[in-house]
Amino acid sequence: MNLNNINHVVEILSNSPLRQYLEGNESRTLFEEERKVLNKIDDIIRTNIANLQNPLKAVVLGEVKAGKSTLINSLIQKEVAYTNVVEATAAIVEVKYNKTENIFIKFKNDEKRKINSLVELNKLMDEKRNNQEFFSKIELISISTNTERLKKITIVDTPGLNTITAENTERTEDYIKNADVVLWVINAHNLGQSDVIDKLEEIMEYGKTIIGIVNRIDEIDGDEDEILEYVQEEMGYIFDEIFTTSAKKAWDGFIQNDNRKIEESNINNLYKFIIDNIESNSEEFQMESVEKSTISQLDKDLYVHKNTKNKLDTMLNKIDEDLKSLNAFNNNLKQITENKMNDWLNGEFFKDEKNILLTCDNKDEYSKILKQYTGSQYIEQIINTQYNKMGKYIMDEWQKRSQQFIERKIDNVDFSISADIPENTNALQLTSDDEILDGAKNGGIAAGAVGLGLAGYAAWLGPAAYYVTIGSAVGVFLPPLLIAGAIGGAVLSYLKRDKQRAKHYSQVEVLVKAIKNIVRDDILPDMIDKLNECSDYYYECTSGIISDILSQCNISKEEVEDINNDLSKYIKNLEIEVIDFK
């Protein structure tokens, strides 16, 4: 792989439907977790490309008291890392080559403090040993020194694993991201700790070359080969190479000019590996490191997109299932409503009124009751009472279904059926009883008179529609205007009958049957249609919860479907590219 190949990778990743969607949408989206991972992938690849122009960089990581600073000093054969304090300070120390010695402490407020020598730096570190406030303000300690072993490599000493805080985590990760190789120092006294393995697996995600260094090996009674074998078994999948060392013995040997100690420390084998495989072939190694990291990021990118595709498939399938379930519930509820309305008309409707008429023996009282029961206002009241009862039933059923549909209270949907009523209700005033009685002489006049009253009622209902909300979806049912006229005609026809020639019972039966037929033919279908509209409205409100949830993430179901389709194409192309790169 060369730079052109890596640039081609960048171009491929730019075709990601997730990246394209997120690029134009900085607000909260459905893909916030994916945004974080993709940004990290892109950042690592960009950094890899930039690092090809920089000296090789090795980042030293490990636990507190693993001997990282001593290891650095032993490798470059110069005391640049203060072994007694830096571990406790959680400060990052960057050591690089320069002909003249330059030492700076860079603070987080961008202030720089020049230190004249390593001796002065170590003295300052010792003085501030317990001053955590001082160290918390440090962003970086930069040491440039004239040491041959640093000409082709920059070494970064990072805080011990247990001293990495929220304040310096990001800075440490930046150095890992910029590293060409990671030297992970393991305390031989603490092998196989879960927190160490967890952190190493996090670093693996960067795709960097990781060298495992089991330090302080001379302090362990066990067999060195057995320890090495154990580390290989437990963490071999993480490390590209594993070494055992005694950095302190190596440093003592260097100070005392004791080659035997240096040889026994095994530091030379580690140094030789770095020189032969890394430093002397720094450009090649860097390219290999970038290649390895890039392939790792491609694998991660493929995983993210496949995982997102699975997530969207599951989500869309669940949405379709929910919508089908709600639609089936709605259709079933409408069928139940129709059955209940038919049962009401055939049974309960006008049952009490019929019984009263049948048992009334006083002619004048009978006529008065008859006028009342056949008056449009009275029949409207019966119809609207049943209509609102069924509307309440539909509302209650949808409320229960909605609570099953989502496991939380729907605060943005008010299932109350109360409605604001306009102040002007004069239009509801119907024609008088006298006008109906006069209609006994002419069925058409009676029908027209009652119909006129209902026309006024209709005029009122028009503006009332402006008051309808989800809470009053049932509203007020308006029977067809002709019902009053039709019933008025039925009353007139009844009053003209010769009561001497027909039985009282039969006359009442005929009257009730006529009223029921009018309601069945001219009113019930409209009542059922309007109740179905109410159920459909609640269906839209309940199913709309899905859209509301998606809208909170600034995306529609249609957009999700489009992204999901594009993901299939992207994943297929990326799989081919990954195979080619490997």
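By the naming in an unreviewed UniProt entry, the protein is Isoniazid-induced protein IniC, taken from Intestinibacter bartlettii.

1. Some details on the overall build of the protein
Counting secondary structure elements, the protein contains 22 helices and 9 strands. Taking all 582 residues of the protein together, the buried fraction comes to 48%. At a minimum sequence separation of 6, the contacts of the protein that also span at least 24 residues come to 80%. By element, 46% of the accessible surface of the protein is carried by carbon and sulfur atoms, the whole surface being about 29200 Å².

2. Remarks on the side chain of Gln 297
Positionally, Gln 297 belongs in helix α14 (residues 282-346). Residues in contact with Gln 297, not counting those within four places in the same chain, are Ile 41, Ile 44, Ile 45, Glu 205, Tyr 206 and Gly 207.

3. Some thoughts on the packing of aromatic side chains
Applying the stated criterion across every chain yields a total of 12 aromatic pairs. Measuring from ring centre to ring centre gives 6.2 Å for Phe 350 and Tyr 373, while their planes differ by 80°; the resulting arrangement is edge-to-face. Taken as a pair, Phe 350 in the loop between α14 and α15 (351-359) and Tyr 373 in helix α16 (residues 363-374) lie far apart in primary sequence, 23 residues in all. In this structure, Phe 350 and Tyr 373 share a single accessibility class: buried. An aromatic cluster of at least three residues, connected via ring pairs, comprises Trp 344, Phe 349, Phe 350, Tyr 373 and Tyr 378. The residue whose ring lies beneath Lys 114 is Phe 104, and the NZ or CZ to ring-centre distance is 5.3 Å. Residue placement shows Arg 401 over the ring face of Phe 329; its charged tip is 5.8 Å from the ring centre.

4. Description of unusual backbone geometry
The phi dihedral of Gln 77 falls on the positive side, at around 55°, and the residue is not glycine. If you trace the backbone, Gln 77 turns up in the loop between α4 (68-76) and α5 (86-89). Backbone geometry places Arg 216, a non-glycine residue, at a positive phi of 65°. Within the secondary structure, Arg 216 is located in the loop between β8 (209-215) and α10 (224-235).

5. Considering the packing of α15 against α16
The N-to-C vectors of α15 and α16 enclose an angle of 165°; their axes lie 10 Å apart at closest approach. With respect to α16, the element α15 is oriented roughly antiparallel. Crossing handedness for the pair α15 and α16: left-handed. Two secondary-structure elements touch here, α15 through Glu 353, Ile 356 and Leu 357 and α16 through Tyr 366, Ile 369, Leu 370 and Tyr 373. Among the residues forming the contact of α15 with α16, the class breakdown is 6 nonpolar, no polar and 1 charged.

6. Points about the packing of α4 against helix α11 (residues 247-256)
At a minimum axis distance of 8 Å, the contact between α4 and α11 shows a crossing angle of 40°. By the angle class used here, α4 and α11 are oblique. Considering how the two elements wind past one another, α4 and α11 form a crossing that is left-handed. For the pair α4 and α11, contact is made by Thr 70, Leu 71, Asn 73 and Ser 74 and by Ala 247, Lys 248, Ala 250 and Trp 251, respectively.

7. Observations concerning the sheet that holds strand β3 (residues 102-107)
Overall, mixed pairing links the 9 strands, which are arranged β4-β3-β5-β2-β6-β1-β7-β8-β9 in an open sheet. Unpaired on one side and paired on the other, β4 (112-115) and β9 (241-244) mark the two borders of the sheet. Sheet twist, expressed as the average angle between the axes of neighbouring strands with direction ignored, equals 20°. α10 rests against β7 (181-187), β8 and β9 of the sheet, and its axis sits at about 150° to β9.

8. Some points on the nonpolar core
Core analysis: the biggest nonpolar cluster contains 42 residues, and Ile 105, Leu 121, Ile 141, Ile 143, Leu 183 and Leu 270 have the highest contact counts within it. Residues contacting Leu 121, with those up to four places away along its chain left out, are Ile 103, Ile 105, Ile 115, Ile 141 and Ile 143. Met 341, Cys 360, Leu 370 and Tyr 387 belong to the second-largest nonpolar core, a separate cluster that totals 35 residues.

9. Thoughts on the pairing of strand β6 (residues 153-157)
For β6, the tally of buried residues reaches 5 of 5 residues, placing the bulk of the element in the interior. Of the two faces of β6, the one lined by Ile 153, Ile 155 and Asp 157 and the one lined by Thr 154 and Val 156 are each fully buried. Examined bridge by bridge, strand β2 (residues 93-97) and β6 share 3 bridges and lie antiparallel to one another. Paired with Val 95 across the strands is Ile 155, a residue of β6.

10. Digging into the confidence of the model for the protein
Scored by pLDDT, the protein comes out at a mean of 76, with 77% of its residues at no less than 70. Mean pLDDT in the protein bottoms out at helix α19 (residues 443-464), which sits at 26, and peaks at β9, which reaches 92. Contacts for the low-pLDDT stretch residues 408-476, under 50 throughout, to residues beyond four places or in other chains number 95 contacts. In this model, residues 478-486 is a region of pLDDT below 50 whose contacts with residues beyond four sequence positions or in other chains number 26 contacts.

11. Side note on the pattern of salt bridges
Using the criterion set out here, one finds 27 salt bridges in the structure. Glu 33 serves as the salt-bridge partner of Lys 36, at 3.5 Å between the closest nitrogen and oxygen. Here Lys 36 and its partner Glu 33 are both found in helix α3 (residues 32-51), 3 residues apart, which amounts to about one turn of the helix. Between Glu 219 and Arg 216 there is a salt bridge, and its shortest N-O distance comes to 3.0 Å.

12. Here we look at the environment of Ala 81
Along the chain, Ala 81 turns up in the loop between α4 and α5. Those residues in contact with Ala 81, other than ones at most four positions away along the chain, are Ser 69, Asn 73 and Asp 157.

13. Digging into α16
Compared with the 16 Å implied by 1.5 Å per residue over 12 residues, the 16 Å span of α16 between its first and last C-alpha is a close match. When α16 is considered as a whole, its buried residues turn out to be Tyr 366, Ile 369, Leu 370, Lys 371, Tyr 373 and Thr 374. Of the residues that open α16, the one with a side-chain oxygen 3.0 Å from the backbone nitrogen of Asp 364 is Asn 362.

14. A closer look at the environment of Gly 253
Locating Gly 253 in the fold gives a position in helix α11. For Gly 253, a relative accessible area of 0% corresponds to the buried category. The spatial distance from the C-alpha of Gly 253 to the C-alpha of Glu 263 is 8.7 Å, given a sequence separation of 10 residues. Not counting residues up to four positions away in its chain, the partners in contact with Gly 253 are Asp 258, Lys 261 and Ile 262.

Rules of the game
Residues numbered from 1 in each chain as written. Predicted model: local features only at pLDDT ≥ 70, side-chain atom pairs only at ≥ 80, totals over all residues. Heavy atoms only, no water. Helix = DSSP H or I, 4+ residues; strand = E, 2+ residues; numbered from the N terminus. Buried < 20%, exposed > 50% of the residue type's maximum accessible area, 1.4 Å probe, protein only. Contact = heavy atoms within 4.5 Å. Areas by Shrake-Rupley, 256 points an atom, 1.4 Å probe, with all protein chains shown as cover. Phe/Tyr/Trp six-rings, centres within 6.5 Å; stacked < 30°, edge-to-face > 60°. Lys NZ or Arg CZ within 6 Å of the ring centre and 35° of its normal. Axes fitted to C-alpha atoms, helices over the stretch in contact; angles between N-to-C directions. Parallel < 35°, antiparallel > 145°, perpendicular 65-115°, else oblique. Left-handed = near helix turned anticlockwise from the far one by under 90°. Nonpolar A, V, L, I, M, F, W, Y, C, P; charged D, E, K, R; others polar. Pairing = 2+ DSSP bridges. Core = buried A, V, L, I, M, F, W, Y, C linked by side-chain atoms within 4.5 Å. pLDDT = per-residue confidence, 0-100. Salt bridge = Lys/Arg side-chain N within 4 Å of Asp/Glu carboxyl O. Expected span 1.5 Å × (residues − 1). Polar contact = N/O pair within 3.5 Å; in protein donor to acceptor, adjacent residues only side chain to side chain.

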